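Understanding the architecture of this molecule
Listed here are the chains, written in short residue letters.
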Amino acid sequence: ELGYAALHVSSARRVTLMGGGGGVFLGIERPDWVLAQPPSARASVYAVTGDNISVAAGRISFVLGLQGPCSSVDTACASSLSALHGGSQAVRRGECGSALTLAVSLKLVPVGTLGAASAGMLSVDGRCKTLDARANGYARSEAVGALVVRPVEERAAGAMLAFGGSAVRQDGRSASLTAPNGSAQRGLIVAAIGRAGVSPGEVGCIEAHGTGTALGDPTEAGALAAVHGGSVRSASLSVGAAKASVGHSEAASGQVGLLKVQRLLEDSSVFGNAQLRVLNPLVG
């Protein structure tokens, strides 16, 4: 429904989409929906097709008759931005005339929350205290969003967001499967701004991952400082994270942050960081 709305707002019409080469790129994690179904319903044809993450993107292409590239991407918390990267690259390479990029994360059963809590990942008071000295884990949240990516020359009047460049990387070897890797993050940032054709000094605002964890925030801040110089305290560089306001929506979190940046551009303003009381000395 939200993908259809995004296409409609971008001036696309169903009659012109049918049989066209539009692409669909969806960031999605392992769905809770299958776990929420009673065993008696799991063998139906609707459950078998509806529970596959591939069908989540494929259903949109099917309903609208889109014959361009179509994929569901699960790269954990990077899912939505990985999907956006794939969609924007496909448009740049001419693989599709436009790309509908979407993200979704719904918490329908408590299994994932209980598992994350037992691993010590979650904040005991239910807040993502990004960059704050009180950071003690993240709070899980839900989100769904959709964006239409088109070549720059075809952007609708009034469109505020233009993608200069993007990059996708992996931590590789780190302290553990879920631990961040500062050097890998530095490489990612350098690659992204390089593809955008800008220098680190030209960047004025950064939407950080900013989960509010004791390990993640200092690692990310160190990578940003290494690339952009100075520190996150710099008066010329605004660093924030939507998670401090709305929690961590995991697979959809990157798109939530992107939509926040779009709002910043529309308002020509910078939002304060919710939950920030005392800056974590390890990120200064």
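Scroll up a little and you will see the structure.
Each value, and the rule that gives it
Residues numbered from 1 in each chain as written. Predicted model: local features only at pLDDT ≥ 70, side-chain atom pairs only at ≥ 80, totals over all residues. Heavy atoms only, no water. Helix = DSSP H or I, 4+ residues; strand = E, 2+ residues; numbered from the N terminus. Rg over C-alpha atoms; globule rule 2.2 N^0.38 Å. Contact = heavy atoms within 4.5 Å. Areas by Shrake-Rupley, 256 points an atom, 1.4 Å probe, with all protein chains shown as cover. Lys, Arg positive; Asp, Glu negative; His and termini not counted. Charge placed at Lys NZ, Arg CZ, Asp CG, Glu CD. Axes fitted to C-alpha atoms, helices over the stretch in contact; angles between N-to-C directions. Parallel < 35°, antiparallel > 145°, perpendicular 65-115°, else oblique. Left-handed = near helix turned anticlockwise from the far one by under 90°. Nonpolar A, V, L, I, M, F, W, Y, C, P; charged D, E, K, R; others polar. Buried < 20%, exposed > 50% of the residue type's maximum accessible area, 1.4 Å probe, protein only. Pairing = 2+ DSSP bridges. Expected span 1.5 Å × (residues − 1). Salt bridge = Lys/Arg side-chain N within 4 Å of Asp/Glu carboxyl O. Polar contact = N/O pair within 3.5 Å; in protein donor to acceptor, adjacent residues only side chain to side chain.

A tally of regular secondary structure across the chain gives 11 helices and 6 strands. Rg of the C-alpha trace for the chain: 19 Å, near the compact-globule value of 19 Å for 284 residues, within the 12% margin. Seen through its principal axes, the chain has C-alpha atoms that stretch 55 × 50 × 35 Å. In the chain, once contacts between residues fewer than 6 apart in sequence are set aside, the share between residues at least 24 apart is 76%. Put simply, the chain shows about 14600 Å² of open surface, and 58% of that area lies on carbon and sulfur atoms. Between the averaged position of the 23 positive side-chain charges in the chain and that of its 19 negative side-chain charges there is a distance of 1 Å.

Relative to each other, helix H8 (residues 182-196) and helix H9 (residues 216-228) sit at 45°, their axes nearing to 9 Å. The pairing of H8 with H9 is recorded here as oblique in orientation. Between H8 and H9 the crossing geometry is right-handed. Across from Gly 182, Gln 185, Arg 186, Ile 189, Val 190 and Ile 193 in H8, the residues of H9 making contact are Thr 219, Glu 220, Ala 223, Leu 224, Ala 226, Val 227 and His 228. Broken down by class, the residue content of the contact of H8 with H9 amounts to 7 nonpolar, 4 polar and 2 charged.

Glancing now at the pairing of strand S4 (residues 143-149). The two faces of a sheet get side chains in turn, since along a regular strand they alternate between them. In terms of burial, S4 is a largely internal element, 5 of the 7 residues being buried. Pairing geometry for strand S3 (residues 99-105) and S4, over 7 bridges, is antiparallel. Bridge assignment links Ala 103 to a residue of S4, and that residue is Gly 145.

In this section: helix H11 (residues 253-267). Between its first and last C-alpha atoms H11 spans 21 Å; for 15 residues at 1.5 Å apiece the expected length is 21 Å, and the two agree. Buried within H11 are the following residues: Ser 253, Gly 254, Gln 255, Gly 257, Leu 258, Lys 260 and Leu 264. Turning to H11, the residues buried within the fold contact helix H6 (79-92), S3, S4, strand S5 (205-207), strand S6 (238-240) and helix H10 (243-246). The first or second residue beyond H11 is Ser 268, which carries a positive phi of 50°.

One pass over the structure, following the stated rule, counts 8 salt bridges. The salt bridge involving Glu 29 is made with Lys 107; its shortest N-O contact spans 3.8 Å. Here Glu 29, found in the loop between strand S1 (23-28) and helix H3 (33-36), pairs with Lys 107, found in the loop between S3 and helix H7 (111-118); they are 78 residues apart in sequence, far enough to count as distant. We classify Glu 29 as buried; its relative accessible area is 16%.

Across the sheet, 4 strands lie side by side as S2-S1-S3-S4; this open sheet has mixed pairing. Edge positions in the sheet fall to strand S2 (70-73) and S4, since each has one partner strand and no second. Between one strand axis and the next, the sheet turns through 10° on average, direction left out of account. Along the sheet, helix H5 (residues 53-64) contacts S1, S2 and S3; its crossing angle with S2, the most-contacted strand, is approximately 145°. Strands in contact with H6 are S1, S2, S3 and S4; relative to S1, the strand with the most contacts, it is inclined by about 165°.

Time to look at the side chain of Ser 141. Tracing the backbone shows Ser 141 in the loop between H7 and S4. Ser 141 sits in the buried class, given a relative accessible area of 13%. A polar contact of 3.2 Å, which involves the side chain of Ser 141, links it to the backbone nitrogen of Ser 249. Aside from chain neighbours lying at most four places away, what touches Ser 141 is Ser 105, Lys 107, Val 246, Gly 247, His 248 and Ser 249.

Looking at the element boundaries, Gly 254 is found in helix H11. Distance in space between the C-alpha atoms of Gly 254 and Thr 75 is 11 Å, their sequence separation being 179 residues. Sequence-distant contacts of Gly 254, that is, excluding residues within four places in its chain, are made with Cys 77, Ser 80 and Leu 81.

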